[in-house]
Amino acid sequence: MISQTLAEWAHDLVADALPAEVVHATARHLLDGVGNAVAARRLGYGRAGFEVADALGGPPEARPLTGMRAQSAPAAAMATAVLVHALDFDDTHAGALVHPTAVTLPAAFAVGQQTRATGTQVLAATAIGLEAACRLGLASPHGFHSRGLHATGVVGPLAAALVTGRLTGLTTRELVDALGIAGSAGGGLLEFLDTDADTKALHPGTATLNGILAARLAAAGADGPPSVLEGRRGLYAALSAREADPAAIVAELGTRWEATNIGIKPYPSCQLMHVTLDAVAAAVPEAGIDPAHVADIEVRVHPDSLPIVCGPNAGVAAPRSTYDGKFDLPWSVAALLHDGTVDISTYTPDSIARAAVLATARRVRVVEAATDGPAASAPGRAVITLDDGRTLHGHVAGSRGTSAFPLDDAQLRAKFLANCASHDRAGELADRILALADEPDLSAILDLAATIAPVPN
């Protein structure tokens, strides 16, 4: 059974044997995840997750990231996961189309506190979770999305269950049961795309919560089907609309690391529009252009991206909410032309209400352009026609931040510091996260994160 192999790997992995590049990649993604959570918290996002987690209470096992009051580890993890994903600024594996850190960091930090884990132990558990989330998504690229499901919400419970089981010392048999139980919790509807709701931000929260509960249930003696992945009523048979290859989950496991192929976002919006934003930026001269003189903007978009970032409302009316704007490719392209950048301030109530940006968005023409490979790693092309007849062309082979065109450590650090509003202790927090293996526990990191992200009014 595939879950047996996955469980044995997660159980037997020796932390000190992790390749240096995996350790470094894991620390980078923890840094990015913490930064995104800090930004969300200081800007007032994720309130519902914190409020519910606080009400759930429970034994004081763990603090949520940026919080000061301890609660049960499942509750703390839920609040943290909602924060990490709230801005849609968190990392993405292009082939799997999952947000691995959003379901891995919260479990690792919460259960790590519960078990008084060292930095090395947390780092190893995080590496396991990142790898599992990526491989589970890669077994059926875009298959869950094609069914109308958020892949992160589908695979997240299983990844979080492995992280939890690793930190709590589950046996291999218990890990198999935990995976089987977690598989029944996979979900996350994409119906938010047709509304003004931001339920997608909640998916990592419920996924992580359910993953931790699955591990606890397994530890208490509950059984899970070992055929949860390849079975005829298993995860892929039930939830993927495309052919899946569950055996790929464990192919070269431990020697080929997908955790080193996770992209880090330069824009706080859906990954599937990033390559288009880069192509438009490449077309614009350094001095910029006046959007009032733009007659037409043609962008080529992968067919798998169209239903997600080019929905019926996109480029027709103003975004229905700030979260809706993050999935509106034409509007985001227009905002880039007006502002010269797309950042956290792009998706605020005042920003999405700008009539001039909507007028430019209505000049964006989306042309379907199929290419080999997954949508998130497709090339991008844009042609901007000005009212004097001149044309500006932009072409990129892939989007910045992906594994093919990664952000270097300096660029990642700059993103982190910006997310922390350049707080005078943000550099110290970054240094501690990047050197997590040297930390005796998570206390200093949690204290710093709470200091940098005070509770908003």
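Residues numbered from 1 in each chain as written. Predicted model: local features only at pLDDT ≥ 70, side-chain atom pairs only at ≥ 80, totals over all residues. Heavy atoms only, no water.

J.: What exactly am I supposed to notice about the sheet that holds strand β2 (residues 364–368) here?
T.: Where strands meet in a sheet, backbone hydrogen bonds hold them as pairs that are either parallel or antiparallel. Read across the sheet, four strands follow the order β2-β1-β3-β4 without closing on themselves; strand pairing throughout is mixed. A strand with exactly one partner marks an edge of an open sheet, and here the two such strands are β2 and β4 (391–396). Looking at each pair of strands side by side, their axes are set apart by 15° on average, direction ignored. For strand β1 (residues 294–301) and β2, the ladder comprises five bridges, and the chain directions are parallel. The residue bridging I297 from the neighbouring strand is V364, located in β2. Each of β1, β3 (380–386) and β4 is contacted by helix α12 (residues 274–283), which is oriented at about 135° to β4, the strand it contacts most. (Pairing = 2+ DSSP bridges. Helix = DSSP H or I, 4+ residues; strand = E, 2+ residues; numbered from the N terminus. Axes fitted to C-alpha atoms, helices over the stretch in contact; angles between N-to-C directions. Contact = heavy atoms within 4.5 Å.)

J.: Can you help me understand the layout of surface pockets in this one?
T.: Any empty space left between the atoms is revealed when a probe the size of a water molecule rolls over them. Its boundaries defined by the atoms lining it, the largest pocket holds a volume of some 270 Å³. Going through the elements one at a time, α7 (143–146) and α13 (306–309) are the ones with two or more residues in the lining of the largest pocket. The residue makeup of the lining of the largest pocket, split by class, is seven nonpolar, six polar and six charged. Inspection of the lining of the largest pocket shows a minimum of three residues originating in each of domain 1 (2–265 + 408–452) and domain 2 (271–396). (1 Å grid on protein atoms, 1.4 Å probe; cavity = no way out; pocket = protein on both sides within 12 Å on 5 of 7 lines; lining within 4 Å. Points joined across faces, edges and corners; volume = space filled by probe spheres on them. Nonpolar A, V, L, I, M, F, W, Y, C, P; charged D, E, K, R; others polar. Domains from an automatic or database assignment.)

J.: What is the right way to look at the nonpolar core in this model?
T.: Ranked by internal contacts, the top residues of the largest apolar core, which has 55 residues, are V34, L65, F109, F416, L429 and I433. For this core, the element with the highest residue contribution is helix α4 (residues 73–86), accounting for nine residues. Among all residues touching F109, those that are not within four sequence positions of it are L30, V34, L65, V122, L442, I445 and L446. (Core = buried A, V, L, I, M, F, W, Y, C linked by side-chain atoms within 4.5 Å. Buried < 20%, exposed > 50% of the residue type's maximum accessible area, 1.4 Å probe, protein only.)

J.: How do you make sense of empty space enclosed by the protein when you look at a structure like this?
T.: The full count for this structure, using the stated rule, is three cavities of 30 Å³ or more. Taken as a whole, the largest cavity spans an internal volume of roughly 120 Å³. Lining the largest cavity are 15 residues, with H99, H145, K200, C270 and F327 positioned closest to its centre. Its residues assigned to classes, the lining of the largest cavity shows eight nonpolar, four polar and three charged.

J.: Just to check I follow, could you spell out the environment of A70 for this structure?
T.: On the secondary structure map, A70 appears in the loop between α3 (47–56) and α4. Under the relative-accessibility criterion, A70 is labelled partly exposed at 34%. Separated by 98 residues in the primary sequence, A70 and T168 have C-alpha atoms spaced 19 Å apart.

J.: I'm lost on the pairing of β3 in this one. Help?
T.: For a regular strand, side-chain orientation follows a simple rule: the groups alternate between the two sheet faces. With five of its seven residues buried, β3 lies for the most part within the structure. Bridging between β1 and β3 involves six bridges; their strand directions are antiparallel. Note that in β3 the partner of I297 across the bridge is I384. As defined by bridge partners, β3 adjoins β4 across six bridges and the pair is classed as antiparallel. Note that in β4 the partner of A382 across the bridge is G394. Hairpin connection between β3 and β4: a loop of four residues separates the two successive antiparallel strands, and G389 in this loop has a positive phi of roughly 95°.

J.: How should the UniProt feature "domain: MmgE/PrpD C-terminal" (unreviewed entry) in the protein chain be read in this particular structure?
T.: Look at the UniProt record and you will see "domain: MmgE/PrpD C-terminal" (unreviewed entry) annotated at residues 267–425. What you have in residues 267–425 is 32% helix and 16% strand, and the ends, taken at the C-alpha atoms, are 24 Å apart. (UniProt positions renumbered as here; feature names shortened; annotations may be inferred.)

J.: What exactly am I supposed to notice about the domain arrangement of the protein chain here?
T.: Size of an interface, as often reported, equals the accessible area lost when the parts are brought together. Taken domain by domain, the protein chain comprises domain 1 (2–265 + 408–452) and domain 2 (271–396). If you average the C-alpha positions of domain 1 and of domain 2, the two centres end up 30 Å apart. In this assembly, 26 residues from domain 1 lie in contact with 19 residues from domain 2. Carbon and sulfur atoms supply 64% of the area buried between domain 1 and domain 2, which totals about 1700 Å² over both sides. Taken together, domain 1 and domain 2 are joined by one salt bridge. The residue R242 makes a salt bridge to D304 at a minimum N-O spacing of 2.7 Å. Broken down by class, the residue content of the side of domain 1 that touches domain 2 amounts to 12 nonpolar, seven polar and seven charged. (Buried area = accessible area lost by both parts, 1.4 Å probe. Salt bridge = Lys/Arg side-chain N within 4 Å of Asp/Glu carboxyl O.)

J.: How should the side chain of T172 be read in this particular structure?
T.: Along the chain, the position of T172 falls in helix α9 (residues 172–183). On the basis of relative accessible area, T172 is assigned to the buried category, the value being 18%. If we ignore the near neighbours within four places in the chain, the residues touching T172 are Q4, A7, E8 and H11.

J.: Just to check I follow, could you spell out helix α15 (residues 329–339) for this structure?
T.: Each α-helix turn comprises 3.6 residues. Residues three or four places apart therefore point the same way. Burial analysis of α15 places nine of its 11 residues in the buried class, the great majority of the element. Regarding α15, the residues found buried are L329, P330, W331, S332, V333, A334, A335, L336 and L337. Measuring from the backbone nitrogen of W331 back to the side-chain oxygen at the start of α15 gives 3.0 Å, which picks out D328 as the cap. (Polar contact = N/O pair within 3.5 Å; in protein donor to acceptor, adjacent residues only side chain to side chain.)

J.: What should I look at first to understand the packing of aromatic side chains in this one?
T.: Remark: the centre distance and the inter-plane angle together describe each pair of aromatic rings, the angle taken between the planes. Applying the stated rule across the entire model yields six aromatic pairs. Ring geometry for W331 against Y347: centres 6.0 Å apart, planes inclined by 45°, an arrangement best described as tilted. Here W331, found in helix α15, pairs with Y347, found in the loop between α15 and α16 (349–352); they are 16 residues apart in sequence, far enough to count as distant. A residue is classified by how much of its surface remains accessible, and W331, at 0% relative accessible area, is buried. Ring pairing ties together the aromatic residues F192, Y323 and F327, which thus form one cluster. (Phe/Tyr/Trp six-rings, centres within 6.5 Å; stacked < 30°, edge-to-face > 60°.)

J.: Got a minute to help me understand the packing of helix α5 (residues 100–114) against helix α6 (residues 119–138) in this structure?
T.: In a pair of packed helices, the angle between the axes and the distance between the axes together describe the arrangement. Closest axis-to-axis distance for the α5/α6 pair is 9 Å, and the angle between their directions is 150°. Accordingly, the angle class assigned to the pair α5 and α6 is roughly antiparallel. The handedness of the crossing between α5 and α6 is right-handed. In this structure, α5 contributes P100, T101, T104, A108, F109 and G112 to the contact, and α6 contributes V122, T126, G129, L130, A133 and C134. Of the residues that constitute the contact of α5 with α6, the class distribution is seven nonpolar, five polar and no charged. (Parallel < 35°, antiparallel > 145°, perpendicular 65-115°, else oblique. Left-handed = near helix turned anticlockwise from the far one by under 90°.)

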